[in-house]
Amino acid sequence: MALSLERLVDAVSSRIIAAADELTELDSAIGDADHGLNMKRGFEAVLADKANILAKPLPDALKAIGMTLVMKVGGASGPLYGTLFMTLGKELPPEPTAADMARALNAAVEAIKARGKADFNNKTMLDVLGPVATHLSSGSASLASIRALADESARATIPMKAIKGRASFLGERSIGHMDPGSRSSQIMIETVCDVLEGRS
Ligand code: ADP
Ligand code: MG
């Protein structure tokens, strides 16, 4: 899979930064209104470190992104997104195939579950990352089907009751709102699909 790391870094960072208000709005409904701000701070730091990141082979570049997110995003999502990128860096070879991507994303989902002591249907980012990882493993995924599944999965968090994270403090009142981390995960997945398709 030929992929331009620079285009991926630019596109994912700029889409997340552009979505900061929306993500914070979602977090104001069921959290503490900082998810957009946290993610914006993290991806601005990634952009600031871009020259260093792009000088590395893909696995090390992904690990460097993960470390920056851990240091800069903060909150619950920082260490978890850090785990996502660091695991991808650990699992992927320098020139990954689609099968490598599937295996690495599944490993990252397991690492996030372990790190956050969470499972699927807890109304977290795992409810987008998990279904997409499983879908990639099916071997029949297309960019269009991945994009659609990520969108559908983020929306499927709306009726869920939060079991993990700050939103769980609300109990039943967390029902009826999209999980902010699911939306940020969906945006990242959609952006990667767009870049691979040459749309972004
Ligand atoms: P905080 O909750 O500390 O304010 P953020 O607002 O940046 O951090 O991130 C909240 C998001 O983090 C949630 O919407 C959810 O998707 C994700 N999250 C929180 N706790 C967990 C967990 N234990 N496992 C997986 N994801 C989690
Ligand atoms: Mg928050």
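Given the structure is predicted, the values throughout are model-derived calculations rather than measurements. (Residues numbered from 1 in each chain as written. Chains lettered and ligands numbered in written order. Predicted model: local features only at pLDDT ≥ 70, side-chain atom pairs only at ≥ 80, totals over all residues. Heavy atoms only, no water.)

Peer 1: Lay out the overall build of the protein chain with the relevant residues and their values.
Peer 2: Broken down by element type, the protein chain carries 10 helices and zero strands. Helices (α) and strands (β) of the protein chain occur, in sequence order from the N terminus, as α-α-α-α-α-α-α-α-α-α. Radius of gyration (C-alpha) of the protein chain: 16 Å, near the 16 Å computed for a compact globule of 200 residues. The C-alpha extent of the protein chain, read off along each of the three principal axes, is 45 × 35 × 30 Å. Taken across its 200 residues, the protein chain has 48% of its residues classed as buried. Long-range contacts, defined as pairs at least 24 residues apart, comprise 65% of the intrachain contacts of the protein chain with a sequence gap of at least 6. For the protein chain, the exposed surface amounts to about 9,000 Å²; the carbon and sulfur share of it is 57%. (Helix = DSSP H or I, 4+ residues; strand = E, 2+ residues; numbered from the N terminus. Rg over C-alpha atoms; globule rule 2.2 N^0.38 Å. Buried < 20%, exposed > 50% of the residue type's maximum accessible area, 1.4 Å probe, protein only. Contact = heavy atoms within 4.5 Å. Areas by Shrake-Rupley, 256 points an atom, 1.4 Å probe, with all protein chains shown as cover.)

Peer 1: So what's going on with the side chain of Ser-182? Which residues, and what values?
Peer 2: The residue Ser-182 is located in helix α10 (residues 180-196) in this model. Accessibility expressed as a relative area gives 0% for Ser-182, which makes it buried. In this structure the side chain of Ser-182 is engaged in a polar contact, spanning 3.0 Å, whose partner is the backbone oxygen of Thr-124. Ignoring sequence-local partners within four residues, the contact set of Ser-182 consists of Thr-124, Met-125, Val-128, Ala-154 and Thr-157. (Polar contact = N/O pair within 3.5 Å; in protein donor to acceptor, adjacent residues only side chain to side chain.)

Peer 1: Tell me what's going on with the nonpolar core, and back it up with residues and numbers.
Peer 2: By size, the foremost hydrophobic cluster in this structure holds 46 residues, and its most contacted members are Phe-43 and Leu-84. Per-element tally for this core: the top contributor is helix α5 (residues 58-73), with seven residues. What Leu-84 contacts, discounting residues up to four positions off in sequence, is Leu-105, Ala-108, Ile-112 and Leu-129. (Core = buried A, V, L, I, M, F, W, Y, C linked by side-chain atoms within 4.5 Å.)

Peer 1: Describe the coordination of the magnesium ion (ligand 2), listing the residues and the values that go with them.
Peer 2: Bound to the magnesium ion (ligand 2) on the protein side are Asp-27 (OD), Asp-32 (OD) and Asp-34 (OD), at distances that span 2.1 to 2.2 Å. On the primary sequence, the residues serving as donors to the magnesium ion (ligand 2) are separated as D-x4-D-x1-D. Judged by relative accessible area, which is 34%, Asp-32 ranks as partly exposed. (Donors = N, O, S within 2.8 Å, 3.2 Å for Na, K, Ca; no water.)

Peer 1: Give me helix α2 (residues 20-30): which residues, what numbers.
Peer 2: Taken as a whole, α2 has its buried residues at Ala-20, Leu-23, Thr-24, Leu-26, Asp-27 and Ile-30. Summarising the axial view, the buried residues of α2 lie within an arc of 160°, below the 170-degree limit, and thus occupy one face. Turned more than 90 degrees away from the buried face of α2 sit Asp-21 and Glu-25, all of them exposed. Residues of α2 that are buried in the fold lie against α1 (5-18), α3 (35-48) and α10. (Arc of directions from axis to C-beta.)

Peer 1: Got a sec to walk through the packing of α2 against α3? Specific residues and values, please.
Peer 2: Interhelical geometry of α2 versus α3 gives an angle of 145° and a closest axis separation of 6 Å. Every residue of α3 that contacts α2 at Ala-20, Leu-23, Thr-24 and Asp-27 is listed here: His-35, Gly-36, Leu-37, Met-39 and Lys-40. Class assignment for the residues of the contact of α2 with α3 results in four nonpolar, three polar and two charged. (Axes fitted to C-alpha atoms, helices over the stretch in contact; angles between N-to-C directions. Nonpolar A, V, L, I, M, F, W, Y, C, P; charged D, E, K, R; others polar.)

Peer 1: Kindly report on the site of ligand 1, identifying the contributing residues and their values.
Peer 2: Near ligand 1 lie 19 residues; those nearest to it are Asn-38, Ala-76, Ser-77, Gly-116 and Asp-179. The separation between an oxygen atom of ligand 1 and a polar main-chain atom of Ala-76 is 2.8 Å. If ligand 1 stood free it would expose 560 Å²; the protein chains cover 93% of that surface. Elements represented by at least two residues in the shell around ligand 1 include exactly α3, α6 (77-91) and α10. Its residues placed into classes, the shell around ligand 1 shows five nonpolar, eight polar and six charged. (Near = heavy atom within 4 Å.)

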